[in-house]
Amino acid sequence: MCKWKTNRCECPVSYCTEGLEHFGSLEVEYYFSVPEKDAIPIIETVCKAVEEGLVIEDGVMYRDLFKNVSVFFFKTKSLASDKEVFRLVLPDWEGEYPWEIYSGISQKAHFKRQ
């Protein structure tokens, strides 16, 4: 069974899954200064989807994981350990992703339906 945990590191708080390795996946980390009450449902949704068969791929945008918002995953080193994880990226309140804001490039990632 997958669950979530809060990482305390030199950065603001990050939230991550714990147990996805039992489903053949890297753990997923979500790093932003958001209240725990908002971050936990995000991580729990990812856990449930992987438990039900979702295979997360590096550099892929998923349209159907959350209602009304696409999410992007990429492999990187965890902020709290030396482990490799998938970092989950959500758009900002304007619906833009970091690469759109800072580089002006839209739709950098390719989309995949869950």
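In this text the structure is predicted, and so the values were computed from the model without any measurement.

What counts and what doesn't
- Within every chain, residues take consecutive numbers counted from 1 along the sequence as written.
- Note on the predicted model: pLDDT of at least 70 is required for a residue's local features to be given, and 80 or more for side-chain atom pairs to be given and counted; whole-chain, interface and lining totals, by contrast, use all residues.
- Hydrogens and waters are ignored; side-chain quantities use all the structure's heavy atoms.
- A run of DSSP states H or I qualifies as a helix once it reaches four residues; a run of E qualifies as a strand once it reaches two. Both are numbered from the N-terminal end.
- Definition of a polar contact: a pair of N or O atoms within 3.5 Å, with one able to donate and the other able to accept a hydrogen when the atoms are protein atoms, and with sequence-neighbouring residues admitted only if both atoms are side-chain atoms.
- We treat two strands as partners when DSSP finds at least two bridges between them.
- Helix span, as expected, comes to 1.5 Å for every residue beyond the first.
- Between buried and exposed lies partly exposed: a residue is buried under 20% and exposed over 50% of the maximum accessible area for its type, with that area taken using a 1.4 Å probe on protein chains only.

Student: Would you take a moment to explain the side chain of Glu-29 for this structure?
Tutor: Here Glu-29 is to be found in strand E3 (residues 28–31). A distance of 2.8 Å separates polar atoms of two side chains, one belonging to Glu-29 and the other to Ser-78.

Student: Any chance you could explain the pairing of strand E5 (residues 69–77) here in plain terms?
Tutor: On a regular strand, each side chain points to the face opposite its neighbour's, so the side chains alternate between the two faces of the sheet. Two elements, strand E4 (residues 60–66) and E5, share four bridges in a ladder whose sense is antiparallel. Its bridge partner lying in E5, Phe-66 is registered against Val-69. A loop of two residues connects E4 with E5, the two strands running antiparallel in sequence, and Asn-68 in this loop sits at a positive phi of about 70°. Bridge count for E5 against strand E6 (residues 84–89) is six bridges, and the pairing is antiparallel. Counterpart to Thr-76 in the pairing with E6 is Val-85. The hairpin formed by E5 and E6 contains six residues between the paired strands.

Student: Help me understand the environment of Met-61, please; the structure alone is not making it clear to me.
Tutor: Here Met-61 shows up in strand E4. Between the C-alpha atom of Met-61 and that of Val-71, which follows or precedes it by 10 residues, the distance is 5.5 Å.

Student: Just checking my understanding: could you explain helix H1 (residues 36–51) for this structure?
Tutor: Think of an α-helix as turning once every 3.6 residues; residues three or four places apart then point the same way. Here H1 contains 16 residues, and its C-alpha end-to-end distance of 22 Å stays within 8% of the 22 Å for a straight helix at 1.5 Å per residue. When we look at burial in H1, the residues that qualify are Ala-39, Ile-40, Ile-42, Ile-43, Val-46, Cys-47, Ala-49 and Val-50. Of the residues flanking the end of H1, it is Gly-53, one or two places downstream, whose phi is positive at about 115°.

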